[in-house]
Amino acid sequence: MTEREKLDFFEKKSKIYFKHGGVCCGPGCGNPLNYNNFQLGHRIPQSTIDKYGPEIVHHELNMLPVCGLECNKRVDIGTEPGSILVLVEQILEAINQDFRLEDYKAELMMEIRENEEFEVYQDRGGGGAVLCEKEEKSKEGAGIQDIFGRSEEELSGIF
Ligand SMILES: [Zn+2]
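Remember, predicted model here, so these are calculated numbers, not experimental data. Counting restarts for each chain: residues are numbered from 1 in the order of the written sequence. Confidence filtering applies because this is a predicted model: local features only for residues at pLDDT of at least 70, side-chain atom pairs given and counted only at 80 or more, and all residues used for totals across whole chains, interfaces and linings.

Quick notes on the overall build of the protein
If you tally the helices and strands in the protein, you get eight helices and four strands. Helix numbers and strand numbers start at the N terminus; a helix is a DSSP run of H or I with at least 4 residues, a strand a run of E with at least 2. For the protein, the sequential pattern of α-helices and β-strands runs α-β-α-α-β-α-α-α-β-β-α-α. Put plainly, a residue is buried at 20 or more neighbouring C-beta atoms within 10 Å of its own, exposed at 12 or fewer, and partly exposed in between, counting only other residues' C-beta atoms, which are placed from the backbone. Counting all 159 residues of the protein, 18% fall into the buried class. If you take every contact in the protein between residues at least 6 apart in sequence, the share linking residues at least 24 apart comes to 63%. Two residues form a contact once the distance between their C-beta atoms, set from the backbone, is within 7 Å.

Things to note about the pairing of strand β2 (residues 63–66)
Side-chain positions along a regular strand alternate between the two faces of the sheet. Residues M63 and P65 point to one face of β2 and L64 and V66 to the other, with burial holding for every one of them. Pairing of strand β1 (residues 39–42) with β2, which is carried by four bridges, proceeds in the antiparallel orientation. Each residue of the ladder has a partner; that of L40, found in β2, is P65. For two strands to be treated as a pair, DSSP must find no fewer than two bridges joining them.

Quick look at the nonpolar core
Listed in full, the ten residues of the largest apolar core are C24, C25, L33, F38, M63, L64, V66, C67, C71 and V75. When residues no more than four places from it in sequence are discounted, the contact partners of L33 are Y17, G22, V23, C24, F38, P65 and C67. One nonpolar core equals one set of buried Ala, Val, Leu, Ile, Met, Phe, Trp, Tyr and Cys residues connected by C-beta atoms within 7 Å. Formed by nine residues, the second largest nonpolar core is a distinct cluster that contains Y52, I56, I91 and L92.

Considering the environment of R43
In this structure, R43 sits in the loop between β1 and α2 (49–52). Taking the C-alpha atoms as reference points, R43 and I77, separated by 34 residues in sequence, lie 5.2 Å from one another. Excluding residues within four positions of it along the chain, R43 makes contact with N62, L64, V75, D76, I77 and L87.

A look at the confidence of the model for the protein
Mean pLDDT for the protein: 80, with 75% of residues reaching 70 or above. This stretch, residues 118–142, has a pLDDT under 50; its non-local contacts, to residues over four places away or in other chains, come to 16 contacts. Per-residue confidence from the predictor is given as pLDDT, running between 0 and 100.

Here we look at the environment of V66
Among the structural elements, V66 can be located in strand β2. Taking the C-alpha atoms as reference points, V66 and C24, 42 residues apart in sequence, are found 4.4 Å from one another.

Some points on helix α1 (residues 3–19)
Under the 1.5 Å per step criterion, the end-to-end length of α1 is 24 Å for 17 residues, consistent within 8% with the ideal 24 Å. The first or second residue beyond α1 is G21, which carries a positive phi of 70 degrees. What a helix should span is 1.5 Å times the count of its residues minus one.

A look at the environment of L155
Summarising the element assignment, L155 is placed in helix α8 (residues 152–156). With sequence-adjacent residues up to four places away left out, L155 is seen in contact with D50, G53, D146 and R150.

Some points on helix α5 (residues 81–94)
Relative to the 20 Å expected for 14 residues at 1.5 Å per residue, α5 spans 20 Å between its end C-alpha atoms, a close match to the ideal helical length. Among the residues of α5, I84, V88, I91 and L92 are the ones counted as buried. Angularly, the buried residues of α5 cover 95 degrees about the axis, an arc narrow enough to put them on a single face. Exposed positions of α5 whose direction lies more than 90 degrees from the buried face are E93 and A94. The directions from the helix axis to the C-beta atoms are what the arc is built from.

Next up, the structure:
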């Protein structure tokens, strides 16, 4: 991290602290936070940055001030595609971007259905709908593009 990036980060952290009234946003916690010693919890986890891109993952709407590791874990919505969809839409609106939103929604709807153990079908372009097996899906989803259509290589230049 450069000095400039560090400064930007602390500015963002401070802004998030005041926006949430200086209290922990862990579900049901509400502990007052020490301005000099608190954590930022990512709602959409940092581990998914290749998929969602830094604009989403590092956006201030994706971060909540928390008192410690326990609450940090509890603000993570990584396993809730429905919640991710709502938040991604909010962030895209905030940054005035809508690239691939429709594709992305379709993808998330599929994840939601999968979680609910419905059968998942996917259109193979002319071949009609076929059963989409989980293995195939994970192969397809392996680090191709983020929500803005950028490759992993392109992304590595950002942040
Ligand atoms: Zn807490």
